[in-house]
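Analysis of the macromolecular model
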Amino acid sequence: MSTAVKVEHVFKTFQSGKTQIEALKDISFDVSKGELFGLIGPDGAGKTTLFRILTTLMIANKGNAWVDGLEVMGDYKEIRKRVGYMPGRFSLYQDLTVEENLSFFATLFNTSLEENYDLVKDIYVQIEPFKTRRAGALSGGMKQKLALSCALIHSPNVLFLDEPTTGVDAVSRQEFWELLRKLQLQGITIVVSTPYMDEASLCDRVALMQDGKIMDIDSPKGITGKFKKPLWAMSSADMYKLMHDLRADERIDTCYPFGQHHHITFKDDHQEVNPIENFLIDKGHKGLSIEKIEPTIEDCFMELMNR
Amino acid sequence: MRTLKILLEKEFRQIFRNPAILRLIFIMPIVQLLILPLAADYEVKNINIAVVDQDRSSYSRKLTDKIAASSYFNLVTYTNSYTEAIQEVEKDKADVVLQIPPAFEKDLIKEDKAKLFMALNAINGVKANLGGVYLRSIISDFNGEVRLEWVQLPRFNPQPMIKISSINWFNPLLNYQFFMVPGILVILVTMVGSFLAALNIVKEKEIGTIEQINVTPIRKHQFILGKLIPFWILGLIVLSIGMLLARIFYGIIPEGSLLTIYIFAVVYLLSVLGLGLLISTYTDTQQQAMLISFFLIMVFILLGGLYTSIDSMPQWAQVFTRFNPVTYFIDVMRMVVLKGSSLYDIRYHLLIVTAFGIFLNVWAVISYKKRN
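Model, not experiment: these values are computed from the prediction.

The rules behind these values
- Residues numbered from 1 in each chain as written.
- Chains lettered and ligands numbered in written order.
- Predicted model: local features only at pLDDT ≥ 70, side-chain atom pairs only at ≥ 80, totals over all residues.
- Heavy atoms only, no water.
- Helix = DSSP H or I, 4+ residues; strand = E, 2+ residues; numbered from the N terminus.
- Buried < 20%, exposed > 50% of the residue type's maximum accessible area, 1.4 Å probe, protein only.
- Contact = heavy atoms within 4.5 Å.
- Areas by Shrake-Rupley, 256 points an atom, 1.4 Å probe, with all protein chains shown as cover.
- Lys, Arg positive; Asp, Glu negative; His and termini not counted.
- Charge placed at Lys NZ, Arg CZ, Asp CG, Glu CD.
- Domains from an automatic or database assignment.
- Buried area = accessible area lost by both parts, 1.4 Å probe.
- Salt bridge = Lys/Arg side-chain N within 4 Å of Asp/Glu carboxyl O.
- Polar contact = N/O pair within 3.5 Å; in protein donor to acceptor, adjacent residues only side chain to side chain.
- Axes fitted to C-alpha atoms, helices over the stretch in contact; angles between N-to-C directions.
- Parallel < 35°, antiparallel > 145°, perpendicular 65-115°, else oblique.
- Left-handed = near helix turned anticlockwise from the far one by under 90°.
- Nonpolar A, V, L, I, M, F, W, Y, C, P; charged D, E, K, R; others polar.
- Expected span 1.5 Å × (residues − 1).
- pLDDT = per-residue confidence, 0-100.
- Pairing = 2+ DSSP bridges.

What follows deals with the overall build of chain A. Each helix and strand counted, chain A has ten helices and 14 strands in total. Overall size of chain A, expressed as C-alpha extent along the three principal axes, is 70 × 45 × 45 Å. Across the 307 residues of chain A, 51% fall into the buried class. A sequence separation of at least 24 residues applies to 69% of the contacts in chain A between residues at least 6 apart. Counting only carbon and sulfur atoms, one obtains 49% of the accessible surface of chain A, whose full area is about 13900 Å². Here chain A contributes 36 positive and 44 negative side-chain charges, whose respective centroids are spaced 4 Å apart.

Written out as structure tokens, the structure reads:
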């Protein structure tokens, strides 16, 4: 498979007063054609900066990158015709209607909605009932769909989506990912960033980013497969006290709150779970539940961060 | 061309959907042209005067009556204590004190001369200056009357005298509004043009839409033109509304041709809009753009020759006014409206403003970067 996006040793620093902020430190990765590639990392990891470099809005300090076989520095004009970019912040004209926004961006790319209707059809039918409504008056999920339509209107080869599901409800998020899957089937390479770890498993491959560095790149299965330690999920009536007691215990390696449970690893991989359970019962914990679980991307992320 | 067309279409849609801009465009000229020329009037009226009459004679009373009867002065205090009169000045109730000393009438009759004392509150320099002049002319008038009463003037002046008569060209009645309204109209067009242009691009930066524009293959000059043309047209609309109001309310009908004014305005707007675009490429928020354009426009107006004559400015300020586009348009407006100057007469103005326009716009296009 040939590569759609290639990033080689990219560095980017920002000057903020007298201090230099290193937003990207030696980033390298490849994305194959037709892949759904995820950049996973918390806010401030450098995802947006990386997107801005790849979409030719920003110039890297060091290193180079290629998009669709074109170099981002020299061939930026050609790249702009071939990529679709959906910024993290809603960046369409709020005072124009849905239809006007679409035809405006279509015209800027020298095309029209009719010409590429097949591509945006699935998305457009969902927002079509509101086509005379101003973009500013749409709901969050609808706004994202409109933005995606606008990014797709010129039939790009590579699609960059910067946190498309941030601030969108759970149902819309799921719908959005289904749309991305469908687009992928049409042969579009998609690079998507998200701060939500649970979305990582929906990508073909993910890069885990933290503080301007890539900690690991692999398929979601590959990443969770690297988590060798047994992982336990525990819960009790008093979750706060549970975490406090676990963290105080010297047999416990890590303990993180994960929704309804705490995820725990032991220092010794062969540690029996019964002594721990008895210890917690002695401490007065009620409704205790302990079970062994498979690690998620988030567990791996936490583990990588601590390394 | 198709790109430019859709850009213009979009820009006009946005303008017409923004009630604040529409209101600004139509209400601002009306308010500025109907109210400002009436308020910005150099003629000083209603000067409050305190008369200290220590003579209490028929002449002193006659003089006081004469002053009080003039339309320029309000007699606020009539007293015989100078201290009391000065207190009125301190309380800001009187602007001028006229002291008539004891034995004013006696001296005038016996010695053929008398003295008066005038004290002016110079906090407002213009008022003090003009008040002094007015008062002096009333007194000299009074003096003439007194002389007439006592001396039979010979039929011919014993000394040779030069009598001066004058005529005011281009504005015979020295109508202040003829002078101010064209100038205020220039300020109006300048403000609408530069503010709207400056705020517009910055707004796109602020709400992030410029990101989405920058990733499209749109060319820089297309983008800038798409911004320039709408405000160009709006500027000319404001100018037309202003000219219409000036004609209806002040009876100002340009002596010269309207075409001359419009040709100059088209070029002038280009330079003003260029300035606005330039500001917007260097700023990140609407607030910054607003403050910078406000500062620049303020300087341009004060050094533009609208309120104060450029010839009486210090040398360095005069040099500065040559780099001020506002100066040229105010000059051209007055030349065409009052004097009836033709395109040929304003050729240098036109040339210089064209140069400004090219310089500012080229700079704006160069400094607008689609990537950083």
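Interface extent is often summarised as the accessible area lost during association of the parts. Residue and element names in this part refer to chain A. Along its sequence, chain A is organised into domain 1 (3-223) and domain 2 (231-306). Inter-centroid distance (C-alpha atoms) of domain 1 to domain 2 is 37 Å. On the side of domain 2, six residues touch domain 1, which itself brings twelve residues to the contact. Summed over both sides, the interface of domain 1 with domain 2 buries roughly 780 Å², with 88% coming from carbon and sulfur. A per-residue breakdown of the area domain 1 buries against domain 2 is headed by M197, M215 and I223, which together make up 59% of the total. Scanning the region where domain 1 abuts domain 2 turns up zero salt bridges. Here domain 1 is connected to domain 2 by zero residue pairs in polar contact (both at pLDDT 80 or more).

The packing of two helices is summarised by the inter-axis angle and the distance between the axes. Residues and elements named next belong to chain B. Axis separation between helix α7 (residues 176-207) and helix α13 (residues 325-339) bottoms out at 9 Å; the angle between their running directions is 140°. With respect to α13, the element α7 is oriented oblique. For the pair α7 and α13, the crossing hand works out as right-handed. Mapping the contact onto sequence places F178, F179, M180, P182, G183, L185, V186, I187 and T190 in α7 and V326, F329, I330, M333, R334, V337 and L338 in α13. Taken together, the residues of the contact of α7 with α13 sort by class into 13 nonpolar, two polar and one charged.

Right, let's talk about the interface of chain A and chain B for a bit. Between chain A and chain B, the residue contacts involve 32 residues of the former and 26 residues of the latter. Approximately 2900 Å² of surface area, both sides summed, lies buried where chain A meets chain B, with 54% of it carried by carbon and sulfur atoms. Joining chain A to chain B, the criterion identifies three salt bridges. In this structure, R52 of chain A engages E211 of chain B in a salt bridge whose closest nitrogen and oxygen atoms are separated by 2.5 Å. Across the contact surface, chain A and chain B share twelve residue pairs in polar contact (both at pLDDT 80 or more). When contributions to the side of chain A that touches chain B are tallied by element, the ones reaching two or more residues are α2 (76-82) and α3 (98-108) of chain A. Ranked by the residues each element gives to the side of chain A that touches chain B, the list is headed by α3 of chain A, at six residues. Looking at the side of chain A that touches chain B, its residues break down into 16 nonpolar, eight polar and eight charged.

For α7 of chain B, spanning 32 residues, the distance from its first C-alpha to its last is 46 Å, which sits close to the expected 46 Å at 1.5 Å a residue. G208 of chain B, located one to two residues past α7 of chain B, shows a positive phi value of around 90°.

Okay, the confidence of the model for chain A next. Residues at a pLDDT of 70 or more form 100% of chain A, whose mean pLDDT is 88. Within chain A, the lowest mean pLDDT, 84, falls on helix α10 (residues 297-306) of chain A, and the highest, 94, falls on strand β7 (residues 158-162) of chain A.

Turning our attention to the sheet that holds strand β9 (residues 205-210) of chain A. In sheet architecture, strand pairing relies on hydrogen bonds along the backbone and comes in two forms, parallel and antiparallel. Residue and element names in this part refer to chain A. The strand order across the open sheet formed by six strands is β6-β7-β8-β3-β9-β10, and the pairing between neighbours is mixed. Edge positions in the open sheet fall to β6 (83-86) and β10 (213-218), since each of these has one partner strand only. Strand after strand, the sheet turns through a mean of 15° between neighbouring axes, direction not considered. In this fold helix α6 (residues 170-185) packs onto β3 (36-40), β6, β7 and β8 (189-194), with an angle of close to 155° to the strand it touches most, β8. The strands touched by α10 are β3, β9 and β10; relative to β9, the strand with the most contacts, the crossing angle is about 40°.

Residue and element names in this part refer to chain B. Axis separation between helix α9 (residues 220-250) and helix α14 (residues 347-367) bottoms out at 9 Å; the angle between their running directions is 125°. As summarised for this structure, α9 and α14 are arranged oblique, according to the angle between their axes. As α9 runs across α14, the sense of the crossing is right-handed. Taken together, the residues of α14 that come into contact with α9 (itself represented by K220, I224 and L228) are N361, A364, V365 and I366. Its residues assigned to classes, the contact of α9 with α14 comprises five nonpolar, one polar and one charged.

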